[in-house]
Amino acid sequence: MDGIERAGREGAAGRVELGRALLAGGALSPDWAGAYGAVPRCAFLPEVMWPYDADSGRSVAVSRADEPEVWRAYADSDCPITVQWDDGRHAGAGPGEVPTSSGSMPSVVFRMLQDLELRPGHQVLEIGTGTGWNAALLSHRAGRGRVVTVEVDGAVAGAARARLAAFGGGAVVVHGDGAEGYQDGAPYDRVICTCGVRRIPWAWVGQCRPGGIVVAPWGTHFGNGDAVAGLRVAADGRSASGRFTGPVEFMKLRAQRLPPVVHAAYVTGSVADGDESSTGLTEAEFVGERLGPQQFALGLRVPGCLCVLAEKRGGARPVWFYGLTDRSWACCMFRDGGGARVWQFGPRRLWDEAEAAFRWWTGNGRPGHDRFGLTVSAEGQAAWLDDPAGSWPL
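A brief structural summary. (Residues numbered from 1 in each chain as written. Predicted model: local features only at pLDDT ≥ 70, side-chain atom pairs only at ≥ 80, totals over all residues. Heavy atoms only, no water.)

**Observations concerning the packing of aromatic side chains**
(1) Moving on: If you walk through the whole model with that rule in mind, you get 23 aromatic pairs.
(2) Moving on: When the ring of Trp-320 is compared with that of Trp-329, the centres are 5.9 Å apart and the planes differ by 50 degrees; the resulting orientation is tilted.
(3) Moving on: For Trp-320, a relative accessible area of 13% translates into the label buried.
(4) Moving on: Ring-pair connections join several aromatic residues into one group, and the members of that group are Phe-222, Phe-286, Phe-321, Phe-334, Trp-351, Phe-358 and Trp-361.
(5) Moving on: A cation over an aromatic ring shows up here: Arg-141 above the ring of Trp-32, its NZ or CZ 4.8 Å from the ring centre.
(6) Moving on: Here the guanidinium or amino end of Arg-301 rests over the ring plane of Trp-392, the centre of that ring lying 4.6 Å away. (Phe/Tyr/Trp six-rings, centres within 6.5 Å; stacked < 30°, edge-to-face > 60°. Buried < 20%, exposed > 50% of the residue type's maximum accessible area, 1.4 Å probe, protein only. Lys NZ or Arg CZ within 6 Å of the ring centre and 35° of its normal.)

If you want it as structure tokens, here you go:
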């Protein structure tokens, strides 16, 4: 009897269906099926949670006491579930302003666990405990006492510690800054991060054994999207390098959150203050699909820049670019039917940089995330396309 079938005997029919769908779709590999069956996600979710409802496009509050069947249906679905808003300052049943802790989609969880190449007996460091479910899955595979998980939020850490203890998860929960790793448990065979980062902290590589693997959602400040980086530590321990495996979107490591960018601090008058030009690119070409590879590629080629896609109105969508090291800005006003106008201001010509990066991406065959890679050393990090020998610093 496999783990999914055991789950069915326990009455979690929805979880059985989800498990079979994850297996069929390739997110859940057969060697992780036992952990999926033995460690139910529902055991690590709070009484009140905010699943993302795909039909309405928003997070909805669900109480286990008031709606037990609805609560369980969401727990056994492949959807992200927010468990904390606004770093814990939020109170009440409605959603807060910014989600700051969540239970990730099971499909994303198990794809990242596959990337980790975890074996029984491995020593594991997890950054971002969240609900504790991921730590319990890691412990089931690696063994009791083999997992250290670090959580920056004291309330989140305490709740996860209690759930892991009640379930018998066997992981050690540390309240601390995950950007620093956890030296007391080093060296580790595997390091996994469950929040988005913009720089891989050297502590994670330095605390990992040569030949070990670091898995983390990584991206640039150009946008909110990430891609999963799977980095192997070099034999001499002086670097780690590897490819990206696919797009994701995670809440960001608190130590690396981008401070709010205030539009009025850049555009003090009107767009007419900028130098005007035009472009032949269309909105569909430039923007692409959500979490598409072109925006990821542009972030790699246009450093120190935030891109904001404004709401489309009357057939027009402004796309804004803000320099993060100065007050340079640009705006490209795409319109249905073509004829995009561009305004740029400041020492950097951000639209020119973005358009050049787009042409670079198309000129290289429109590569997907898996053709890009990342190399990290104590001196910094560098991106590459196809071959690490052609890397450029970030």
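**A look at the sheet that holds strand E20 (residues 392-393)**
(1) Moving on: Reading across the sheet, the 10 strands line up as E8-E7-E6-E9-E10-E11-E12-E18-E19-E20 and stay open at both edges, with mixed pairing between neighbours. If you trace the sheet from one side to the other, it starts and ends with strand E8 (172-175) and E20, each paired once.
(2) Moving on: Note that strand E18 (residues 372-377) and strand E19 (residues 380-385) share 6 bridges and pair antiparallel. Looking at the pairing, Thr-375 lines up with Ala-382 of E19.
(3) Moving on: Helix H7 (residues 154-167) contacts strand E7 (147-151) and E8 of the sheet and is inclined by roughly 170 degrees relative to E8. (Pairing = 2+ DSSP bridges. Helix = DSSP H or I, 4+ residues; strand = E, 2+ residues; numbered from the N terminus. Contact = heavy atoms within 4.5 Å. Axes fitted to C-alpha atoms, helices over the stretch in contact; angles between N-to-C directions.)

**A closer look at the nonpolar core**
(1) Moving on: Grouped together as the largest cluster of nonpolar side chains are 55 residues, with contacts concentrated most on Ile-200, Trp-204, Trp-218, Phe-286, Phe-321 and Trp-351.
(2) Moving on: Ranked by residue count, the leading element in this core is helix H12 (residues 350-363), at 6 residues.
(3) Moving on: Not counting residues within four places of it along the chain, the set of residues in contact with Phe-321 comprises Phe-222, Phe-286, Cys-305, Leu-306, Cys-307, Ser-328, Trp-329, Ala-330, Leu-350, Trp-351 and Ala-354.
(4) Moving on: In this structure, Val-109, Met-112, Val-215 and Val-228 belong to the second largest nonpolar core, which totals 34 residues. (Core = buried A, V, L, I, M, F, W, Y, C linked by side-chain atoms within 4.5 Å.)

**Points about the layout of surface pockets**
Rolled over the atoms, a probe sized like a water molecule indicates the empty space that remains.
(1) Moving on: What the second largest pocket holds in volume is close to 230 Å³.
(2) Moving on: If you go around the second largest pocket, you meet 15 residues; those closest to its centre are Arg-198, Arg-199, Thr-220, His-221 and Gly-304.
(3) Moving on: A class-by-class count of the residues in the lining of the second largest pocket yields 7 nonpolar, 6 polar and 2 charged. (1 Å grid on protein atoms, 1.4 Å probe; cavity = no way out; pocket = protein on both sides within 12 Å on 5 of 7 lines; lining within 4 Å. Points joined across faces, edges and corners; volume = space filled by probe spheres on them. Nonpolar A, V, L, I, M, F, W, Y, C, P; charged D, E, K, R; others polar.)

**Some thoughts on the sheet that holds strand E17 (residues 340-345)**
(1) Moving on: Spatially, E13-E17-E16-E15-E14 is the arrangement adopted by the 5 strands of the open sheet, whose pairing is antiparallel. Looking at which strands have only one partner, the edges of the open sheet turn out to be strand E13 (275-279) and strand E14 (305-309). Put simply, the sheet's adjacent strands are angled 20 degrees from each other on average, direction ignored.
(2) Moving on: With 5 bridges connecting them, strand E16 (residues 329-335) and E17 associate as antiparallel partners. Residue pairing for E17: Trp-329 is matched across the bridge by Phe-345.

**Considering empty space enclosed by the protein**
(1) Moving on: Under the defined criterion, the tally for this structure stands at 1 cavity of 30 Å³ or more.
(2) Moving on: Considering only enclosed or pocket space, the largest cavity measures out at about 50 Å³ in volume.
(3) Moving on: By residue class, the composition of the lining of the largest cavity is 7 nonpolar, no polar and 3 charged.

**Some points on the pairing of E19**
(1) Moving on: Counting buried residues along E19, 6 of its 6 residues qualify, which places the element largely inside the surrounding structure.
(2) Moving on: Alternating residues of E19 divide into Gly-380, Ala-382 and Trp-384 and Gln-381, Ala-383 and Leu-385, and every residue in both groups is buried.
(3) Moving on: Counted along the chain from E18 to the antiparallel partner E19, the turn is 2 residues long.
(4) Moving on: Across 2 bridges, E19 lies against E20 in antiparallel orientation. Within E20, the residue paired with Ala-383 across the bridge is Trp-392.
(5) Moving on: Hairpin connection, E19 to E20: the antiparallel pair is bridged by 6 residues, and Asp-386 has positive phi, about 70 degrees.

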